[in-house]
Amino acid sequence: MHKRPRLPIWSQCQNHHPPNAKHAGQRFTVAVVVDGTLGAPIDASAFYLSFDPDQMQIVDIAQGGAFDVMLKQNIDNKAGEIDFAVSALSAPATAPTVLALLVVESVNDLDTCPLCWRRTACASAM
């Protein structure tokens, strides 16, 4: 049996610093990226994030262009949680690729990006 590679998933603000400080009411986009060996095939991927709803709200989430099937998309701004899963049925995506784009609105002034990974997963048929 071939061992499936574990590919890291990260966001542009994984180090908890958005590109610039954000003011209350300001919207910004956070890219969630599947990384790994260049060209590694990805048939499906998922992430589960927590965030402080007193600091930010998720306005929208869009799947990355390499994935053609939405398996799960749940945004709970009251609890501060995002559950998201996609797959690529027509052809596998290849690493690195954008898994999702989050549109975030800051509730208060932000100089950090309060996103916390609860769990991530990637799968490949290879």
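Residues numbered from 1 in each chain as written. Predicted model: local features only at pLDDT ≥ 70, side-chain atom pairs only at ≥ 80, totals over all residues. Heavy atoms only, no water.

Draft legend 1. Representation of the environment of Glu-81 within the structure. Within the secondary structure, Glu-81 is located in strand E7 (residues 81-87). Separated by 32 residues in the primary sequence, Glu-81 and Leu-49 place their C-alpha atoms 5.6 Å from one another. Residues contacting Glu-81, with those up to four places away along its chain left out, are Leu-49, Ser-50, Phe-51, Asn-74, Ile-75, Asp-76 and Arg-118. (Helix = DSSP H or I, 4+ residues; strand = E, 2+ residues; numbered from the N terminus. Contact = heavy atoms within 4.5 Å.)

Draft legend 2. Up close: the pairing of E7. Within E7, six of the seven residues are buried, leaving the element largely enclosed by the surrounding structure. Bridge count between strand E4 (residues 44-51) and E7: seven bridges; the pairing is antiparallel. Its bridge partner lying in E7, Phe-47 is registered against Phe-84. Note that strand E6 (residues 69-76) and E7 share seven bridges and pair antiparallel. Paired with Asn-74 across the two strands is Asp-83, which belongs to E7. Count of turn residues in the E6/E7 antiparallel hairpin: four residues, of which Gly-80 carries a positive phi of about 75 degrees. (Buried < 20%, exposed > 50% of the residue type's maximum accessible area, 1.4 Å probe, protein only. Pairing = 2+ DSSP bridges.)

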